[in-house]
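Inside the fold
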Amino acid sequence: LLVCGFPNVGKSSFLNRVTRADVDVQPWEFTTQSLYVGHTDYKYLRWQVIDTPGVLDHHIDTRNTIEMQSITALAHLRAAVLFFVDLSEECGYSVD
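Because the structure is predicted, anything quoted here is derived from the model rather than measured.

So, a nonpolar patch on the surface
Among the surface-exposed residues, Leu74, Val81, Phe83, Val85, Leu87 and Val95 lie close enough to one another that they form a single nonpolar patch of about 560 Å² accessible area. Inspection of the secondary structure assignment puts phenylalanine 83 in strand β4 (residues 81-84).

Looking at helix α1 (residues 11-18)
In an α-helix, one turn spans 3.6 residues; hence positions three or four apart end up facing the same way. Taken together, the buried positions of α1 are occupied by Lys11, Ser12 and Leu15. Looking down the long axis of α1, one finds its buried residues gathered within 95 degrees of arc, a one-sided arrangement.

A closer look at the layout of surface pockets
Any empty space left between the atoms is revealed when a probe the size of a water molecule rolls over them. By volume, the largest pocket is sized at about 180 Å³. Considering the residues around the largest pocket, the lining is formed by 16 residues, among which Asn8, Val9, Gly10, Ser12 and Thr32 are closest to the centre. Partitioned by chemical class, the residues of the lining of the largest pocket number five nonpolar, eight polar and three charged.

Observations concerning the sheet that holds strand β2 (residues 36-42)
An order of β2-β3-β1-β4 is seen for the four strands of this open sheet, with the pairing classed as mixed. Looking along the sheet, the strands with just one partner apiece sit at the ends: β2 and β4. This sheet shows a mean twist of 25 degrees between the axes of neighbouring strands, independent of strand direction. As judged from the seven bridges shared by β2 and strand β3 (residues 45-51), these two strands associate in the antiparallel manner.

Some points on the environment of threonine 40
Note that threonine 40 resides in strand β2. A residue is classified by how much of its surface remains accessible, and threonine 40, at 19% relative accessible area, is buried. Apart from the residues lying within four places of it in its own chain, the contact partners of threonine 40 are Val18, Thr19, Leu45, Arg46, Trp47 and Val49. Within the structure, threonine 40 has its side chain in polar contact with the backbone oxygen of valine 18 (distance 2.8 Å).

Conventions adopted
Residues numbered from 1 in each chain as written. Predicted model: local features only at pLDDT ≥ 70, side-chain atom pairs only at ≥ 80, totals over all residues. Heavy atoms only, no water. Patch = residues over 30% accessible without salt bridge, like charges linked within 9 Å, V, L, I, M, F, W, Y side chains within 5 Å. Areas by Shrake-Rupley, 256 points an atom, 1.4 Å probe, with all protein chains shown as cover. Salt bridge = Lys/Arg side-chain N within 4 Å of Asp/Glu carboxyl O. Helix = DSSP H or I, 4+ residues; strand = E, 2+ residues; numbered from the N terminus. Buried < 20%, exposed > 50% of the residue type's maximum accessible area, 1.4 Å probe, protein only. Arc of directions from axis to C-beta. 1 Å grid on protein atoms, 1.4 Å probe; cavity = no way out; pocket = protein on both sides within 12 Å on 5 of 7 lines; lining within 4 Å. Points joined across faces, edges and corners; volume = space filled by probe spheres on them. Nonpolar A, V, L, I, M, F, W, Y, C, P; charged D, E, K, R; others polar. Pairing = 2+ DSSP bridges. Axes fitted to C-alpha atoms, helices over the stretch in contact; angles between N-to-C directions. Contact = heavy atoms within 4.5 Å. Polar contact = N/O pair within 3.5 Å; in protein donor to acceptor, adjacent residues only side chain to side chain.

By themselves these figures say nothing about function.
Quick look at the structure:
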């Protein structure tokens, strides 16, 4: 499972909750600076859950190295994608 979305929407908190991972969670954006992997067991299967750095909506040429880790994971990993959105918009980004 590949967990992605805007910065500060709860991706790392989700990873910590459903796996045995211990990823740093802070109340500011861009805390996650690289890919983090956790594992969980569900219905007799082991699932790999990958937390990605936040991705902003701008052109690929203007993305930094940290954002490109998320884009690369989306492009090259064969996984189901969980795209997290903060409908309250408290993360600082609109869903529009």
